[in-house]
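# Residue-level structure breakdown
This is what each chain is made of:
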Amino acid sequence: MKPKFLSISSEIIERIKSGELQPGDKVPSENDLIKNYKVSNTTARKSLLEIENQGWARRIKGKGTFVLNRTVGHHLIRTLGSINATRRGFHESLIAEGFEPHNVVLEKTVLDDGISSEIGGKHFIMDGPVLKIHQLRYADDEIIKDEIKYISLALCPKINRMPTEISYFKVYENAYHLRIDEVKQTLSTEIVQPGSELDNFDLSAATPMFILDSAVICTDGEVVEIERSFYRGDKYKFAISANPDYHD
């Protein structure tokens, strides 16, 4: 008979292979396994270690065990409609998938007059002052995202003093106690030519890009963040998460 820890690890690995658990998702914790499988903490720990030893996941101290990216071509997966994915942030998500992230800041400045943007047919306005952050996002040594964020300094004073690799969504909630009502997002595509004004990727050939426009809106209707980012189409896949909204 197969040892219990191998049965548990095999079951979780099948969930990873089937796509139920995606790269960057958190694997059930020791306590989850103890509760769900009625096993000892030793068996639970050995189950997680077996998943890690087989190369399906990696433990991050103090955070948990996360599914590694073993997709063909190591395509990163960006999930639209998932607050949890948005809350985790770019930097933390890459680490969870097994990549080494770093950023290069091209511009970090304060705009006194504010900005506006049209997303999904609706016009969003953010009054000044606004923090603009333009940075290139790397996975290992490759640029995979060209990101521009605009953040309300009226709602988040002194946020410009924080490092740019943070999860801003978490900071809005935890440091500034903002309640986020919704995140509006639209996704479009464009072919970017090498050497064009849109090419911050050092491209050697014409490359398809996903363009994500988004607005983060608080419960009182105020806009705390507007983003426009380019994702390399040959490095990214986008998934959609939809949750039913039931009302009594």
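Conventions adopted
- Residues numbered from 1 in each chain as written.
- Predicted model: local features only at pLDDT ≥ 70, side-chain atom pairs only at ≥ 80, totals over all residues.
- Heavy atoms only, no water.
- Pairing = 2+ DSSP bridges.
- Helix = DSSP H or I, 4+ residues; strand = E, 2+ residues; numbered from the N terminus.
- Buried < 20%, exposed > 50% of the residue type's maximum accessible area, 1.4 Å probe, protein only.
- 1 Å grid on protein atoms, 1.4 Å probe; cavity = no way out; pocket = protein on both sides within 12 Å on 5 of 7 lines; lining within 4 Å.
- Points joined across faces, edges and corners; volume = space filled by probe spheres on them.
- Nonpolar A, V, L, I, M, F, W, Y, C, P; charged D, E, K, R; others polar.
- Lys, Arg positive; Asp, Glu negative; His and termini not counted.
- Salt bridge = Lys/Arg side-chain N within 4 Å of Asp/Glu carboxyl O.

If you check an unreviewed UniProt entry, the protein appears there as GntR family transcriptional regulator from Dyadobacter jiangsuensis.

Here is the key point about a regular strand: its side chains alternate between the two faces of the sheet. For strand β1 (residues 57-60) and strand β2 (residues 64-67), the ladder comprises 4 bridges, and the chain directions are antiparallel. Residue pairing for β2: Ile-60 is matched across the bridge by Gly-64.

A separate point is unusual backbone geometry. For the bond from Gly-128 to Pro-129, the omega torsion is 0 degrees, close enough to zero to count as cis. Although it is not a glycine, Lys-38 adopts a positive phi angle of roughly 55 degrees. In this structure, Lys-38 sits in the loop between α2 (30-37) and α3 (41-53). Despite not being glycine, His-177 has its phi angle at roughly 55 degrees, a positive value. Its location among the elements puts His-177 in the loop between α6 (168-174) and β9 (180-192). The class for His-177 is exposed, based on a relative accessible area of 64%.

Before going further, it helps to spend a moment on the layout of surface pockets. Approximately 800 Å³ is the volume found for the largest pocket. As for the largest pocket, its lining consists of 41 residues, of which Ala-85, Thr-86, Arg-88, Gly-89 and Ser-93 are closest to the centre. Per element, the largest residue contribution to the lining of the largest pocket is 6 residues, and it comes from helix α4 (residues 83-88). Here the lining of the largest pocket is composed, by residue class, of 17 nonpolar, 12 polar and 12 charged.

Relative to the helices and strands, Asp-199 resides in the loop between β9 and β10 (207-218). Buried and unpaired, Asp-199 has Arg-232 as its nearest opposite-charge partner, separated by 7.4 Å.

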